[in-house]
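# Per-entry structural report
In case you want the letters, here they are:
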Amino acid sequence: MTPAVPSSFPYSQATWSAVIGADRAYYDRVREVTGTRGAAVAFPAQGAGRRFQLRGSQMRIGRRSASRGLAPEIDLSGPPADPGISRLHAVLIAVPAGHWAVLDPGSANGTLVNGAEIALGEQVRLQDGDRINLGAWTAITVHRDDHLEDARVGR
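In this report, the structure presented in the accompanying data block is examined. Computed from a predicted structure; not experimentally measured. (Residues numbered from 1 in each chain as written. Predicted model: local features only at pLDDT ≥ 70, side-chain atom pairs only at ≥ 80, totals over all residues. Heavy atoms only, no water.)

In terms of regular secondary structure, the protein is built from 2 helices and 11 strands. Starting at the N terminus and ending at the C terminus, the protein contains elements arranged as β-α-β-β-β-β-β-β-β-β-β-β-α. Counting every position in the protein, which comprises 155 residues, the buried fraction comes to 42%. Within the protein, contacts between residues at least 6 apart in sequence are counted, and of these 56% link residues at least 24 apart. Surface exposure of the protein reaches about 8300 Å², of which carbon and sulfur atoms provide 51%. (Helix = DSSP H or I, 4+ residues; strand = E, 2+ residues; numbered from the N terminus. Buried < 20%, exposed > 50% of the residue type's maximum accessible area, 1.4 Å probe, protein only. Contact = heavy atoms within 4.5 Å. Areas by Shrake-Rupley, 256 points an atom, 1.4 Å probe, with all protein chains shown as cover.)

What follows is the structure in structure tokens.
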């Protein structure tokens, strides 16, 4: 279930983006934990980097599913397709003061922020440069694209 955000909520005025990539070190740690269960999952030959502009009150992260009517704003269906990504894996939520938070609504394999697993249903506020790991190798790095603008205007 995607969390509801009140319509009167002040959306982020800052410009944020999420850069998607493949993280070999995270993949190796996952393989250590999963052992032979994860042996069939190979690290992708190329981790197609993609950038998504964060907009609105929330951005769902997951895999598109026509049969379930799911079309996440950040679609990680591939290529390369990370088999550890749930259909609705996580949600980025606009929070006050121009920031974003991440929430795991109940993914099968969990979500980490800067190496620490977050509890299901817990919102974790993000800072520029924070890394979200999910699935078998997926890394999402969030960037506040206007942080240089903030410095120029003395914020």
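This next bit is on the sheet that holds strand β5 (residues 88–95). Within a sheet, adjacent strands bond to each other through the backbone by hydrogen bonds, running parallel or antiparallel. Read across the open sheet, the 5 strands follow the order β4-β3-β5-β6-β9; overall the sheet is mixed. Among the strands making up the open sheet, the edge pair consists of β4 (74–75) and β9 (123–125). The pairing of strand β6 (residues 99–103) with β9 spans 3 bridges and is classified as antiparallel. In the sheet register, L103 faces β9, and the bridge partner there is Q123. (Pairing = 2+ DSSP bridges.)

Positioned with a positive phi, A97 is a non-glycine residue whose angle comes to about 70°. Mapping A97 onto the fold places it in the loop between β5 and β6. We note that N114 has phi near 50°; this positive angle belongs to a residue other than glycine. Within the element layout of this structure, N114 appears in the loop between β7 (111–113) and β8 (116–117).

What follows deals with the sheet that holds β8. In spatial order, the strands read β2-β1-β11-β10-β7-β8; together these 6 strands make up an open sheet with antiparallel pairing. Across the chains shown, the open sheet's two edge strands, defined by having one partner strand only, are β2 (50–54) and β8. Looking at chain direction, β7 and strand β10 (residues 131–134) are connected through 3 bridges and run antiparallel. Among the inter-strand pairings, T111 is bridged to a residue of β10, identified as L134.

Interpretation note: all reported values are geometric properties and have no functional meaning in isolation.
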